[in-house]
Amino acid sequence: MANRNPDFLDAFTVAFLLGLSVKQFRARRAWLEEVMDFPLPLPTSLRPRLWRADQVRAWTARQGLPGTAPPPPPPTPGGNVVMLAEARRA
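Residues numbered from 1 in each chain as written. Predicted model: local features only at pLDDT ≥ 70, side-chain atom pairs only at ≥ 80, totals over all residues. Heavy atoms only, no water.

Turning next to the overall build of the protein. When helices and strands are tallied, the protein shows 4 helices and 2 strands. Helices (α) and strands (β) of the protein occur, in sequence order from the N terminus, as β-α-α-β-α-α. By residue count, 29% of the 90 residues in the protein fall in the buried class. Within the protein, contacts between residues at least 6 apart in sequence are counted, and of these 53% link residues at least 24 apart. (Helix = DSSP H or I, 4+ residues; strand = E, 2+ residues; numbered from the N terminus. Buried < 20%, exposed > 50% of the residue type's maximum accessible area, 1.4 Å probe, protein only. Contact = heavy atoms within 4.5 Å.)

The following block contains the structure:
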């Protein structure tokens, strides 16, 4: 179901504005919010998640498009990653 209110943007529209696919946007969303200060979705919108259009447009005007930014850093090794690396060394 498409969002009909122009004041709010769904994930598909946000991804399009950022020059990302929806899959890329969803994968980078936490990084964008934590590192790049991307606006948070409305707390009352769970499905579909909605963002305020004015906040997203203001962010893109300040930051530029994240499609040109480096990808988020890889997760810090730990847990199974370290165990698998050690198993390969043996």
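For the rest of this paragraph, the subject is the pattern of salt bridges. Taken as a whole and judged by the stated rule, the model has 2 salt bridges. Here E33 and R29 are joined by a salt bridge, their closest N and O atoms 2.8 Å apart. Taken together, the residues span about one helical turn, with E33 and R29 both in helix α2 (residues 22-35) at a distance of 4 residues. Relative accessible area serves as the criterion here: at 18%, E33 is assigned to the buried category. One salt bridge in this structure joins D54 and R52, with 2.7 Å as the shortest N-O distance. (Salt bridge = Lys/Arg side-chain N within 4 Å of Asp/Glu carboxyl O.)

A separate point is unusual backbone geometry. With phi around 60 degrees, D37 is a residue other than glycine that occupies positive phi space. Inspection of the secondary structure assignment puts D37 in the loop between α2 and β2 (50-52). Residue D37 is classed as exposed on the basis of its relative accessible area, which comes to 53%.

Mapped onto the secondary structure, N5 falls in the segment before β1 (8-10). Separated by 48 residues in sequence, N5 and A53 place their C-alpha atoms 9.7 Å apart. A polar contact of 2.9 Å, which involves the side chain of N5, links it to the backbone nitrogen of D7. (Polar contact = N/O pair within 3.5 Å; in protein donor to acceptor, adjacent residues only side chain to side chain.)

Turning next to the environment of F8. Structurally, F8 can be placed in strand β1. Separated by 46 residues in the primary sequence, F8 and D54 place their C-alpha atoms 8.2 Å from one another.

A word on helix α1 (residues 11-18). For an α-helix, 3.6 residues make a turn, and residues three or four places apart therefore share a direction. Regarding α1, the residues found buried are A11, V14, A15 and L18. The buried residues of α1 all sit within an arc of 100 degrees when viewed along its axis, so they share a single face. Exposed residues lying more than 90 degrees from the buried face of α1 are F12 and F16. The elements touched by buried residues of α1 are β1, α2, β2 and α3 (53-63). (Arc of directions from axis to C-beta.)

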